[in-house]
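# Descriptive analysis of the structure
Take a look at the letters that make up each chain.
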Amino acid sequence: MRTGVALAAGTLTAGCSTAGAVAPSPAAHSASPATPATHTASQAPTPASAPTPRSFPKQPEQITHGPRTRPQVALTFHGQGDPTIAKALLGEAEKGGARVTVLAVGTWLDEHPDIARRILDGGHDLGNHTLRHLDINAMSEADANAEIRGCAERLARLTGSIGTWFRPSRTPRASPLVERLARTAGYPHTLSYDVDSRDFTSPGAPAVTRNVMGEVRAGSIVSLHFGYADTVAALPAVLEELHRRGLHAVTTTELLS
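Below: a short report on this structure. This one's a predicted model, so the numbers in the text were calculated from it and none came from an experiment.

Across its full length, the chain carries nine helices and eight strands. Summing over all exposed atoms, the chain offers an accessible surface of approximately 10500 Å²; the carbon and sulfur share of this is 53%.

Structure, rendered in structure tokens:
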């Protein structure tokens, strides 16, 4: 794993923008939001039953955290970047007894169709983080709808489900328009967060750990990213400190159930 991370560290892709900081733009893709990419049978796994979106009546349409009364937190990962790093993060989470939530970018799934099944087979949540990871709140209704549905189509093709969650791209919170479009596409809630690791700024593993542990508490939903070596290096320390505080890392579905 250390070798894979070291090789990939120089080719990391961008995270999401947050209030006060904008991450670098992801690599450009040629796929049109209205035209799903095609795969050969050898590229794409056969769809199998996967969890679908659920409605949580006691939760708002836009969720930032779970119940504060249970010793659980959700580590959520914006899914794109080098698959070596993504698989290393999943492996570290599983070694630490954690289950996480991955919000996948559609064009990333086009490039690495096996990763969707790897996430689900590890017992993790898999959701929709738009097709191309652009500023969805700034888009027209038609373009924003294509971003949401384009990723949903890819998830359905690969897993038999549109995924359990939708998270808007390049923003912590969805606009009312994006929230409505996501709901119409089949997602009862949009998923935000109350803890920002800021790992996409590559501040070093100790800083990522401090950013998470300085704000996390029972019920927190933490924003992290695939594609960054700092995140892989920080995850064991984050899980160890959560355990020391009596907090368990679970999927977002489990956090809210």
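Take unusual backbone geometry next. Positive phi, close to 75 degrees, is recorded for Thr130, a residue that is not glycine. With respect to the helices and strands, Thr130 occurs in the loop between strand E4 (125-128) and helix H5 (141-159). Look at Thr130 and you get buried, because its relative accessible area is 0%. At His133, a residue that is not glycine, the phi angle is positive and equals roughly 60 degrees. The residue His133 is located in the loop between E4 and H5 in this model.

Our next topic: the pairing of strand E3 (residues 101-104). Judged by which residues are buried, E3 turns out to be covered on both faces: Thr101 and Leu103 on one side and Val102 and Ala104 on the other are all buried. As defined by bridge partners, E3 adjoins E4 across four bridges and the pair is classed as parallel. Paired with Ala104 across the bridge in E4 is Asn128.

Inspection of the entire model under this criterion finds 11 salt bridges. Here Arg132 and Glu147 are joined by a salt bridge, their closest N and O atoms 2.6 Å apart. With Arg132 in the loop between E4 and H5 and Glu147 in helix H5, the pair connects residues that are 15 residues apart, well separated along the chain. Here Arg245 ties to Glu241 by a salt bridge, and the two come within 3.0 Å at their closest N and O atoms. Residue classification places Arg245 among the partly exposed residues on the basis of a relative accessible area of 36%. Among the charged side chains, a salt-bridge network with shared partners connects Glu241, Arg244 and Arg245.

Now for empty space enclosed by the protein. By the definition in use, this model includes one cavity of 30 Å³ or more. Approximately 40 Å³ is the volume attributed to the largest cavity. Around the largest cavity, the lining residues are Ala50, Pro51, Leu120, Leu126, Thr159, Ser161, Gly163 and Thr164.

Here we take up the nonpolar core. Ranked by size, the top nonpolar core spans 55 residues in total, and within it Leu75, Ile148 and Leu242 carry the most contacts. Setting aside chain neighbours within four positions, we find Ile148 in contact with Asn128, Ile136, Phe166, Val178, Leu181, Ala182, Ala185 and Tyr187. Counting 11 residues, the second-largest nonpolar core is a separate cluster that includes Ala74, Leu191, Val250 and Leu256.

Rules behind the numbers
Residues numbered from 1 in each chain as written. Predicted model: local features only at pLDDT ≥ 70, side-chain atom pairs only at ≥ 80, totals over all residues. Heavy atoms only, no water. Helix = DSSP H or I, 4+ residues; strand = E, 2+ residues; numbered from the N terminus. Areas by Shrake-Rupley, 256 points an atom, 1.4 Å probe, with all protein chains shown as cover. Buried < 20%, exposed > 50% of the residue type's maximum accessible area, 1.4 Å probe, protein only. Pairing = 2+ DSSP bridges. Salt bridge = Lys/Arg side-chain N within 4 Å of Asp/Glu carboxyl O. 1 Å grid on protein atoms, 1.4 Å probe; cavity = no way out; pocket = protein on both sides within 12 Å on 5 of 7 lines; lining within 4 Å. Points joined across faces, edges and corners; volume = space filled by probe spheres on them. Core = buried A, V, L, I, M, F, W, Y, C linked by side-chain atoms within 4.5 Å. Contact = heavy atoms within 4.5 Å.

That is the geometry; function is a separate question.
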